[in-house]
Amino acid sequence: MPYVKYNVDGAVVAVSEVPLPDFAEVSADDEGMVNFIASCYSRDAIGQTDLGFIRVVEDVVELLMDKNIILFTELPPAAQKKMLERQRLRNALQGSLDLINDDANV
C-alpha cells in the first residue's frame, strides 16, 4: 500500500512506498495521491519540453544575428552572458563528443 503526507490544508505533498513518520496509508486509487502523482509528471513533461525549446530559441537568436537582423550588443547584458556561456559549453562538448577518431586505422 502507498503512503502519503498531507499539508495543513489536507492536500497530498509527498508519496512513499514505505511507511514514514507523518505519512498515512492510503489505497492505490486514492484521489489525492493520484492527482499529486499526475501533477508531478505534468511538471516534468513541461520541464523536458522547456529544455528542448531553449535550444530552439538559442538557434533562432543565432540565426537572427547571422542575418544581421539583430546585433549581439542589442541583447540585454544578462542574455549576452548566457549566450556566451552556452556557446562556450557547446564548443567544449563538441570536442568531447568526437566518437570517431579520424586518425584511427580502420
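Anything mentioned here points back to the structure above.
Here's what I pulled together on the structure shown here. (Residues numbered from 1 in each chain as written. Predicted model: local features only at pLDDT ≥ 70, side-chain atom pairs only at ≥ 80, totals over all residues. Heavy atoms only, no water.)

A separate point is the pairing of strand β2 (residues 12-16). Here strand β1 (residues 3-6) pairs with β2 via 4 bridges, running antiparallel. Each bridged residue has a counterpart across the sheet, and for V4 the counterpart in β2 is V15. The antiparallel pairing of β1 with β2 creates a hairpin that spans 5 residues between the two strands, and G10 there sits at a positive phi of about 85 degrees. (Pairing = 2+ DSSP bridges. Helix = DSSP H or I, 4+ residues; strand = E, 2+ residues; numbered from the N terminus.)

Let us look at the sheet that holds strand β3 (residues 24-25). Sheet architecture is open: 3 strands sit in the order β2-β1-β3, paired in antiparallel fashion. For this open sheet the edge positions go to β2 and β3, each flanked by a neighbour on one side alone. Sheet strands in contact with helix α1 (residues 31-66) are β1 and β2, and its direction is about 90 degrees off that of β2. (Contact = heavy atoms within 4.5 Å. Axes fitted to C-alpha atoms, helices over the stretch in contact; angles between N-to-C directions.)

What follows concerns the environment of R90. The topology assignment puts R90 in helix α2 (residues 77-96). A relative accessible area of 25% means that R90 is categorised as partly exposed. (Buried < 20%, exposed > 50% of the residue type's maximum accessible area, 1.4 Å probe, protein only.)

Here we take up the side chain of E58. For E58, the location among the structural elements is in helix α1. Among the polar contacts made by the side chain of E58, one reaches the side chain of R86 at a distance of 2.8 Å. In this structure, E58 is in contact with M83, R86 and R90, ignoring residues within four places of it in sequence. (Polar contact = N/O pair within 3.5 Å; in protein donor to acceptor, adjacent residues only side chain to side chain.)

With that settled, consider the nonpolar core. Core analysis: the largest hydrophobic core is formed by 5 residues, namely V4, V12, V26, M33 and F36. Setting aside residues no more than four positions away along its own chain, V26 makes contact with M1, P2, V4, Y6 and M33. (Core = buried A, V, L, I, M, F, W, Y, C linked by side-chain atoms within 4.5 Å.)

Phi at D22 is positive, roughly 70 degrees, even though this residue is not glycine. Positive phi, normally seen in glycine, also occurs at N68, with a value near 55 degrees. Among the residues examined, N68 registers a relative accessible area of 62% and is labelled exposed.

The next thing to look at is the environment of Y3. Considering the arrangement of structural elements, one finds Y3 in strand β1. For the pair Y3 and S16, spaced 13 residues apart in sequence, the C-alpha separation works out to 5.1 Å.

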